[in-house]
Number of protein chains: 2
Amino acid sequence: MSMDVSTDVHAAWLPPEAFRALGSHRVLVQGDGPQGVTVYEEVAQACAAYGGRVGRAPGDEAGPYDLVFALTGAEPALPEAAAVLAGGGVGALGDEGFLTARRDGVTVVLADAPAGLLYGLFHVVRLGEAAFGGGDAPAEAHRPAMRTRMLDHWDNLDVHPVMGHVERGYSGGSIFWRDGGPRGDLPRVRAYARLLAATGVNAVSVNNVNVHTAETRLLTERLGDVADLADVFRPYGIRLHLSVNFASPVVLGGLPTADPLDGDVRAWWGKAAARVYEAIPDFGGFVVKADSEGQPGPFTYGRSHADGANMLAEALAPFGGEVHWRAFVYNHTQDWRDRSTDRARAAYDHFAPLDGAFHPNVVLQVKHGPMDFQTREPVSPVIAAMPATRLAVELQVTQEYTGQQRHVCYLGPMWSEVLGFRPWGADSEGRTVAALAADPAAGGGLVAVSNVGDDPYWTGHPLAQANLYAFGRLAWAPHSDPAALLDEWIDLTFVPLLSRDPVPLRRALHAMMDGSWHTYERYTAPLGVGFMVRPGHHYGPDVDGYEYTPWGTYHYADRDGIGVDRTRATGTGYTGQYPQPWSAVYESAERCPDELLLFFHHVPYGHVLQSGSTVIQHIYDTHFAGAEEAAGQRSSWQELAGSGLVDAALHARVLERLDEQVRCAQEWRDQVNAYFLRKSGVRDARGRHIP
Amino acid sequence: MSMDVSTDVHAAWLPPEAFRALGSHRVLVQGDGPQGVTVYEEVAQACAAYGGRVGRAPGDEAGPYDLVFALTGAEPALPEAAAVLAGGGVGALGDEGFLTARRDGVTVVLADAPAGLLYGLFHVVRLGEAAFGGGDAPAEAHRPAMRTRMLDHWDNLDVHPVMGHVERGYSGGSIFWRDGGPRGDLPRVRAYARLLAATGVNAVSVNNVNVHTAETRLLTERLGDVADLADVFRPYGIRLHLSVNFASPVVLGGLPTADPLDGDVRAWWGKAAARVYEAIPDFGGFVVKADSEGQPGPFTYGRSHADGANMLAEALAPFGGEVHWRAFVYNHTQDWRDRSTDRARAAYDHFAPLDGAFHPNVVLQVKHGPMDFQTREPVSPVIAAMPATRLAVELQVTQEYTGQQRHVCYLGPMWSEVLGFRPWGADSEGRTVAALAADPAAGGGLVAVSNVGDDPYWTGHPLAQANLYAFGRLAWAPHSDPAALLDEWIDLTFVPLLSRDPVPLRRALHAMMDGSWHTYERYTAPLGVGFMVRPGHHYGPDVDGYEYTPWGTYHYADRDGIGVDRTRATGTGYTGQYPQPWSAVYESAERCPDELLLFFHHVPYGHVLQSGSTVIQHIYDTHFAGAEEAAGQRSSWQELAGSGLVDAALHARVLERLDEQVRCAQEWRDQVNAYFLRKSGVRDARGRHIP
C-alpha cells in the first residue's frame, strides 16, 4: 500500500496507481474556477507519473487527445466534444452533473459547471482502462441524486474531558483542530477533501454538534480559521458548514436572551451570518442540535423548533445558506419506570406537527432510525410524515454502535436498505427514502457523521474506509448495489496489489466485509431490540446497561419474555406513526419482520419467528453463529499474511483489530446467551455450552 | 456552627466552645518536646478565650492550679501530682498513655511521654466540666489499644484523569497537594492534624496507594515537601508515612530491575530510606500496594510478597521505620465465566502460606473483609490465619461503597462489629479482631482510608465527620460503644448549639445516624451479596453492573435463585479458610447469619431465612423499608430547619445531601425490586407497587 507522500498518511481509495490509466493518455482539460484548476492539476500529476500528456487547448503540443474534459457553455474544444453536445438528449447537467461519451476514439467528459468536471474526472479514474477502450459510446448523463451529500464532523477544538477530541471518534484526534485552535495541517485537510470529492461528497461540517465554549467562537473570533479550511475544501467542490450554539447571542453577543422571536437576537444572527459570508462567500450554512441532550434551544423560550430554525434561516437566506436543523430531540431524563413514554416516538411527536412551518432554506436532518444509529432500527417515521419539509437523512459512518472501528462492519448494505425502504409499501413506485431525500424541489440530501481522524489510516481500522467511501457513493447514487460499491472500493484501494494477483485478495476482502453488518448484528443485541452496550462509551456488551437509566432505551426482558410493546393496541402506539402498510405490518407480531420483532413487540421466549425458530433459540443460534463468523473473518485475514498481497503494516493493523473483534464477539455471545439462559431457564436446543 | 478562623473551614469536633471548661480553669502544663509545647499552646489558647490561666511552674503567678499536666519522669510539680504518682498501681503508661486522677480538688493528668499529655488534654476536653467536679478520684490509666492508628490518604498530587484528585474522595481536592506539588495551606494541615490527634490518630500516609509518576518522586526530589508536612504533623504526635512505588529503583533510580533480591535494588532502597530519615527523623515508614490492580510488585520478578516486603523492611529497620504491606492482592482480570476462581479467597491464598516469613517491622495491612469495603462482608479469614505476622486491619472511612458522603451512613457500628468479631467463636475469650490487631508484641494496628478533602466541612457531608471521629476513637479503644461515640461526637461538634437546647438536636442527630448503616444496607445489595453498584464510580444501583466483568464480584442471580456458593461441599471452598466454629457456621445455609447468606450460599428465592422471611420477600421488604427510612431521616432534618439549632449553611448542606440520598435510595429500591421481580416472577406478598 502506498502512503500519500505529502501528508504521510494512507492513500485510501486514491493511490497513485488508481490514476495509471488516466495518466497514460493525452488529456485535454478545459475548465475554469477552483474545481477546473483541480481537474487540470490532478490530470497533470497523473500524467507526470505515468507518461501521459495534459493540455489546455485543442491545438497545443500535448494533443492529439484521447480524453477531453470540457464545459458545455464554452465553445467546444474538439470536434468530438462538439459532436456529443450536438447529439443532445441528456438535458441540463446541473451544477454537479456530467456526461460521458466516446466518439471517434476520444473519451469525452462534459459538464455545465466545473464541479461536474471534477466528478467526471473521478468517474474516469474509477473506470480505469475501460474509459478508453471500445468504439463509440452514446452520451451518458451522471447527476447526483442528492443535492447535499454531507459529512458532519463531531470534532472538538480540544480534547473534551469525557468525550475526547472527536466525539464518538475512533480514529485518533481531529484533522482540523488541536489544542483549542487550528491543527495547521492543511495538506492533510486537502488530502481529505480530495478523497471526499472522489466519492461525491460536497459538504462538510467541521465541528461537533455539541458546541462547547471554544467551538462556539468559531462563528466569530475564530472565523479566520474556518475560512482557511473553506479555502482548502473549495477546490474539491465542498462547501463548509459550522455547527452553531443556539445560545450564541447570549454566550458571544452578551444579549440577555437567545429567544428566536426577539428582535435583537435576530439582528445578532443576521450580522453574524453577514460576517461569515464576508469571510467565506460560498459558506454552506449552520448545523444545529437544539433542545437535545442538554444543548440549548427554542424550548427555553417557549418557542417552537420552527421558530428557532426559521430565525437562523432568515439570517442565512440573503447569502444562499441553509440551516441543517437536527430532529434528534427527545427526553433524555426519562423515568425508566414509566413505560408509556417512548423515545422512539419523540422526533415524530415533536416535528410532524411542524410540517410546512419551516422556511425553504431549512433542512430538517433526521436520523435514519427513531432511536440512535443502532445496528438495526426501523426507518424513522418522520421521513414519511413531512411532505412539505425538506428532509435530510442522517447516517452514522463512525461506528459508534457498530464496533467502533475495532470490528469489521461494512455498513453499505444497512444504508442501502434504509435508502431503498418504501414507507408506503412496495406499490408506491419511486417513493423510497432516497427519493424523499433526493426530491429536487424539496429534498435535503444525505448526511453522515464522519469516521475520520488523524490516524494514519484515516479511520483507525483500515477496512472502515469502505464505509466512508460507500456513504459518498450512495449519496450520489442511492440505489447502487452496496456489494458492487464494496468491490469498487477494494479495486481502487488495493489496486497496486491487485495488479499482481487480484483474485485471492479481492475474494478474501469481499467475503470478510460484505456480510459483516449481519455478522455484527448476530452477535450483538437481538431482533432489533437495540443497545445492550456498556453505558457511556457504548462498546461491548452490557445487557442491562441501559435498562434502568433515564435514556429511554430498554428491552424489558423478564423471566417470561422480552421486547418493547410499541403497538397501538397495547403499547406506546408508535406503530401508528407509520403510514400503511407498515403501520399494520409492524402492529402485528406475526407479520412484523423478524429482525425488528423486539423493537415493536414484547413476546414470550417461546414465540415462533417467521424463520421457524423461537426467540430464545434464535438468540442462542445467532450469537454462536456471529462469534464463529468473526473468527472466520480473522482466519481469512490470517491466511493473507505472508502472501505479499497486503503490506505488512496494514495487515498487522487489521489483524490486531480482528483479534479484538473476535474476543469481543465471544464476550457478546457469552454475556447475551448467559443472560437469557439465566433469565428464561430455556436450554440451548443444540446443547452447546453457555456459561 | 463556628468556623476555624485561621483556615476558614468548619471546626468539626473542636469548636472553641469545646474548650470552655478547660479554658475556665487554672492549668499547669509541664511537658517538653513538640507535643508538650502543643499542650501548652492549646491550654493557653483556651484560657485566653475563657478567662482561665496557664502556667509552666507550680509557683508562678497563674496558680494555684485546678489542673496539672505533668510527665512522670520529671520531678512532680505539685503535691497532688506527686501523691498520684506515689499511689502507683497503674504501671507504665508507655509512649502515648496517660493517667487521670483527682486529688484534693486538683485534676491530674500524668504521662510517661509528651504525646501522652496531648491525648490526656483531649480527654479532658471531652470530659468538659466533669473533669473538675467531685471529690478525689483514683488514678485511671488510659492507653491506646492499637500501637498504630493510621489514616491513609488516597491523594494524588494532581487531578488524575479518571480517579480525580483524591481517589475515592468525595470531599473535594487534596488538602496536601495541588497542581503536582504542595498545596501550601499548612495551617489547614495543622488544623487537620489537631482534629486527628483529638481522636487518637498517630499516623498518616499522605499519598495514594496507587502511586503514579509524580507521586513516585515524593521519595526523592519532592522529599522536602514531605518533610514540610511532617513538621506540621509532629506537634500533634502524628508520624508521616509515604506510599511508595515498588518499581521506584527502575523509575527513579534508572536500574534495570526492581527485583527485591537484587543487590543494587536493595542498596538503592537503603539509600532512599537513609535520605528520608535525614529529612524526617521520625518518619513512619512505607505503605505498599504491590501486584494489585496493575501496580508493580515482586511477582514480576518471580519473588514472593515476603521477599518484597522484607527488602523494604531492611531498608527502614536501621531507622525504626515500618512497612505497611497491603494484602489486597487478587486477579482483577478474572473470567466471569469461571465460577471456580473466587476473589474472596485471594488474600488468604496469597498470604497465609507466608505467615512467619515477614520481618518484625513489616505490618501486613489487611482489609477487614475479603472483598473490598462492601456495606456488609464477613471478616477476612486472613486475620485469623497469620499468628506469626503483625497485622493491621484496614477500614474505609471514605464512603466508597456506602453512599460517597452523599448518604448518611455512620460506620461506627460496622467497625465495632468487625473489631469485636471472634474468629474462634464466642468462647475464645479476648481473641477478637481488635485484640489480634492490638497485640502489644505482634499487632500492627488499625488503618483507614481517609474521607477528608479540601471541602469547607472537611468531609463533604458534614455528618460524615462522625466516621472520621469514630475511627480514631475505636483505634484507641476498639470496644467502645459506637452509639456512645456518636453522642460524644454530637456533643463536641454541636456544643455551641447544644448549650442552648440540647435535647431535640442531639435526639434528632442520634436518630438519623445511629442506625444509618443498617438503613443503607437495607436499600442496597441484599444479604451480603455485595456490589450491584454502577461500575467505575461505584455510586448508585446497577444490579448486573459487575456481573459479567473481570473484577470477580458476582451475584449469579438467575430465575431460580441468587448468591455465591463459597462452601467446601459444592462451592469455591472459601468457608474452609475460617477456623471453627465459623467454618462450619458459614458452610451451612441454615446456620449462616442471614446478613451474610448470599455471600456464602446460592439459594432459591423461596429459601426461608432465620428471620422467617423468604429471600425474595426479604429483598422486597428491606428495600421498601430502607428507602422509607431514608425519607424519614430527611423529615427529621427538615424539622430542625428554622429551629435555630443548626446554622443555616450546615443545615442546607445536609439537606441537599439528604435530598440526593432519598432520590438514590428510591432508585435502589426500585431497581433492585424490579430486577428481582422480573427475574423471579414472585410478586410482593404485601402487594406493593414494583415498577
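Computed from a predicted model, the values in this text were never measured in an experiment. (Residues numbered from 1 in each chain as written. Chains lettered and ligands numbered in written order. Predicted model: local features only at pLDDT ≥ 70, side-chain atom pairs only at ≥ 80, totals over all residues. Heavy atoms only, no water.)

### Quick word on the domain arrangement of chain A
All names here are of chain A.
No. 1: What the domain assignment lists for chain A is domain 1 (3-142), domain 2 (149-493) and domain 3 (521-564 + 602-680).
No. 2: The interface of domain 1 with domain 2 comprises 24 residues on the first partner and 29 residues on the second.
No. 3: Taken over both partners, the interface formed by domain 1 and domain 2 buries close to 2400 Å², and the fraction arising from carbon and sulfur atoms is 62%.
No. 4: Counting across the domain 1 and domain 2 interface gives four salt bridges.
No. 5: Note that Arg-149 and Glu-96 form a salt bridge whose closest N and O atoms lie 2.7 Å from each other.
No. 6: In this structure, the connection of domain 1 to domain 2 is made through 13 residue pairs in polar contact (both at pLDDT 80 or more).
No. 7: Here the residues of the side of domain 1 that touches domain 2 are counted per class, giving 14 nonpolar, five polar and five charged. (Domains from an automatic or database assignment. Contact = heavy atoms within 4.5 Å. Buried area = accessible area lost by both parts, 1.4 Å probe. Salt bridge = Lys/Arg side-chain N within 4 Å of Asp/Glu carboxyl O. Polar contact = N/O pair within 3.5 Å; in protein donor to acceptor, adjacent residues only side chain to side chain. Nonpolar A, V, L, I, M, F, W, Y, C, P; charged D, E, K, R; others polar.)

### Remarks on the relation of the copies chain B and chain A
No. 1: At an RMSD of 0.0 Å, chain B and chain A line up after a rotation of 180° and a shift of 0.0 Å along the axis. When the rotation and shift are considered jointly, the pair of chain copies conforms to a two-fold rotation axis.
No. 2: Of all interface residues in chain B, 100% are interface residues in chain A too; the two copies therefore contact each other through one and the same surface. (Least-squares fit on C-alpha atoms with pLDDT ≥ 70 in both.)

### A few points about the interface of chain B and chain A
No. 1: Each partner contributes to the interface: chain B provides 26 residues, whereas chain A provides 26 residues.
No. 2: Counting across the interface, chain B meets chain A through six salt bridges.
No. 3: Here Glu-547 of chain A and Arg-678 of chain B are joined by a salt bridge, their closest N and O atoms 2.9 Å apart.
No. 4: For the pair chain B and chain A, the number of links is 19 residue pairs in polar contact (both at pLDDT 80 or more).
No. 5: Of the residues belonging to the side of chain B that touches chain A, the class tally is eight nonpolar, six polar and 12 charged.

### Considerations on the sheet that holds strand S18 (residues 362-367) of chain A
Residue and element names in this part refer to chain A.
No. 1: Pairing is parallel around the closed barrel formed by eight strands, whose spatial order is S9-S14-S15-S16-S17-S18-S19-S20. Taken over all neighbouring pairs, the strand axes of this sheet differ in orientation by 25° on average, direction set aside.
No. 2: Two elements, strand S9 (residues 149-152) and strand S20 (residues 445-449), share four bridges in a ladder whose sense is parallel. Of the residues in S20, the one forming a bridge with Met-150 is Val-447. (Pairing = 2+ DSSP bridges. Helix = DSSP H or I, 4+ residues; strand = E, 2+ residues; numbered from the N terminus. Axes fitted to C-alpha atoms, helices over the stretch in contact; angles between N-to-C directions.)

### So, the sheet that holds strand S5 (residues 67-71) of chain A
Residue and element names in this part refer to chain A.
No. 1: With mixed pairing, the six strands of this open sheet are ordered in space as S4-S3-S5-S7-S6-S8. Whereas interior strands pair on both sides, the edge strands pair on one side only; in this sheet they are strand S4 (53-55) and strand S8 (137-142). Strand after strand, the sheet turns through a mean of 15° between neighbouring axes, direction not considered.
No. 2: Strand direction decides the pairing type here: strand S3 (residues 26-29) and S4, joined by three bridges, are parallel. Across the sheet, residue Arg-26 finds its bridge partner in S4, namely Arg-53.

### With respect to the nonpolar core
No. 1: Among the nonpolar cores identified, the biggest contains 211 residues, and Leu-22, Phe-69, Trp-325 and Phe-676 of chain A are the most heavily contacted of them.
No. 2: Residue contributions to this core peak at 12 residues, all from helix H23 (residues 648-680) of chain A.
No. 3: Grouped together as the second largest cluster of nonpolar side chains are 210 residues, Ala-290, Val-363, Val-397 and Val-533 of chain B included. (Core = buried A, V, L, I, M, F, W, Y, C linked by side-chain atoms within 4.5 Å. Buried < 20%, exposed > 50% of the residue type's maximum accessible area, 1.4 Å probe, protein only.)

### Overview of the pattern of salt bridges
No. 1: Taken as a whole, this structure holds 82 salt bridges over all chains when the rule is applied.
No. 2: Of the charged contacts in the structure, one is a salt bridge between Arg-669 of chain A and Asp-670 of chain A, with a shortest N-O distance of 2.9 Å. Neither Arg-669 of chain A nor Asp-670 of chain A differs from the other in exposure class; each is buried.
No. 3: Taken together, the shared-partner salt bridges in this structure form one network comprising Asp-335 and Arg-337 of chain A together with Glu-667, Arg-669 and Asp-670 of chain B.

### Some remarks on the side chain of Arg-188 of chain B
All names here are of chain B.
No. 1: The topology assignment puts Arg-188 in helix H5 (residues 186-199).
No. 2: Within the buried set, Arg-188 has no salt-bridge partner at all; the shortest N-O distance to an opposite charge, 5.4 Å, is to Asp-185.
No. 3: Polar side-chain contacts of Arg-188 include one of 3.3 Å to the backbone oxygen of Gly-453. (Lys, Arg positive; Asp, Glu negative; His and termini not counted.)

### Quick word on the packing of helix H9 (residues 263-279) of chain A against helix H10 (residues 305-316) of chain A
All names here are of chain A.
No. 1: Where H9 meets H10, the closest approach of the two axes is 8 Å, and the angle between their N-to-C directions is 45°. One element, H9, and the other, H10, form an angle in the oblique class. Remark: the crossing between H9 and H10 carries right-handed chirality. Listed contacts from H10 to Val-265, Arg-266, Trp-269, Gly-270, Ala-273 and Tyr-277 of H9 are Met-311, Leu-312, Glu-314, Ala-315 and Leu-316.
No. 2: A per-class count over the contact of H9 with H10 returns eight nonpolar, one polar and two charged. (Parallel < 35°, antiparallel > 145°, perpendicular 65-115°, else oblique. Left-handed = near helix turned anticlockwise from the far one by under 90°.)

### Side note on the pairing of strand S20 (residues 445-449) of chain B
All names here are of chain B.
No. 1: Counting buried positions along S20 yields five of five residues, so the element is predominantly enclosed.
No. 2: Pairing of strand S19 (residues 390-396) with S20 involves five bridges; the strand directions are parallel. In the strand pairing of S20, Gln-396 is matched with Val-449.

### Overview of the packing of helix H19 (residues 516-523) of chain B against helix H22 (residues 615-640) of chain B
Residues and elements named next belong to chain B.
No. 1: Between H19 and H22, the least distance of the axes is 7 Å, while the angle of their chain directions is 135°. Put simply, H19 runs oblique to H22. For the pair H19 and H22, the sense of crossing is left-handed. On H22, the residues touching Ser-516, Thr-519, Arg-522 and Tyr-523 of H19 are Thr-622, His-623, Ala-625, Gly-626, Ala-627, Glu-629, Ala-630 and Gln-633.
No. 2: Tallied by class, the residues present in the contact of H19 with H22 amount to four nonpolar, six polar and two charged.

### Considering the packing of aromatic side chains
Ring pairs (aromatic) are described by centroid distance and by the angle formed between their planes.
No. 1: Applying the stated criterion across every chain yields a total of 64 aromatic pairs over all chains.
No. 2: The interplanar angle of 90° and the centroid separation of 5.1 Å between the aromatic rings of Trp-268 of chain B and Trp-269 of chain B together place this pair among those described as edge-to-face. Of the two residues, Trp-268 of chain B and Trp-269 of chain B, both sit in the buried class.
No. 3: Between the aromatic rings of Trp-489 of chain B and Phe-494 of chain B, the centroid separation amounts to 5.8 Å while the plane-to-plane angle is 85°, which identifies the pairing as edge-to-face.
No. 4: A relative accessible area of 1% means that Trp-489 of chain B is categorised as buried.
No. 5: Feature note: the residues Phe-421, Tyr-574, Tyr-578, Trp-582, Tyr-586, Phe-599 and Phe-600 of chain A constitute an aromatic cluster, connected by ring pairs.
No. 6: The ring of Tyr-675 of chain B carries Lys-679 of chain A above its face, with NZ or CZ at 5.6 Å from the centroid.
No. 7: Directly above the aromatic system of Trp-424 of chain B lies the positively charged group of Arg-431 of chain B, at a separation of 3.9 Å from the ring centroid. (Phe/Tyr/Trp six-rings, centres within 6.5 Å; stacked < 30°, edge-to-face > 60°. Lys NZ or Arg CZ within 6 Å of the ring centre and 35° of its normal.)

### Considerations on helix H4 (residues 114-127) of chain A
Residue and element names in this part refer to chain A.
No. 1: Over its 14 residues, H4 runs 20 Å from end to end, which matches the ideal 20 Å to within 8%, given 1.5 Å per residue.
No. 2: Taking burial as the measure, the 14 residues of H4 include 12 buried ones, the bulk of the element.
No. 3: When we look at burial in H4, the residues that qualify are Pro-114, Ala-115, Gly-116, Leu-117, Leu-118, Tyr-119, Gly-120, Leu-121, Phe-122, His-123, Val-124 and Val-125.
No. 4: Looking one or two places after H4, you find Gly-128, whose phi comes out positive at around 65°. (Expected span 1.5 Å × (residues − 1).)

### Things to note about the environment of His-123 of chain B
Residues and elements named next belong to chain B.
No. 1: Within the element layout of this structure, His-123 appears in helix H4 (residues 114-127).
No. 2: With a relative accessible area of 12%, His-123 lands in the buried category.
No. 3: Each C-alpha atom, one on His-123 and one on Arg-345, is 41 Å from the other, the two residues being 222 residues apart in sequence.
No. 4: For His-123, the contacting residues outside a window of four places in its chain are Phe-98, Thr-100 and His-142.

### Observations regarding the environment of Leu-640 of chain B
Residue and element names in this part refer to chain B.
No. 1: Assignment of secondary structure puts Leu-640 in helix H22.
No. 2: We classify Leu-640 as buried; its relative accessible area is 7%.
No. 3: Through-space distance from the C-alpha of Leu-640 to that of Asp-514 is 18 Å; in sequence the pair is 126 residues apart.
No. 4: Beyond its immediate sequence surroundings of up to four residues, Leu-640 is in contact with Leu-505, Ala-508, Leu-645, Val-646 and His-651.

### Quick notes on the confidence of the model for chain A
No. 1: Here chain A averages 94 in pLDDT, while 98% of its residues score no lower than 70.
No. 2: When the criterion is pLDDT under 50, residues 1-7 of chain A qualifies, and its contacts beyond four places in sequence or with other chains add up to 22 contacts. (pLDDT = per-residue confidence, 0-100.)

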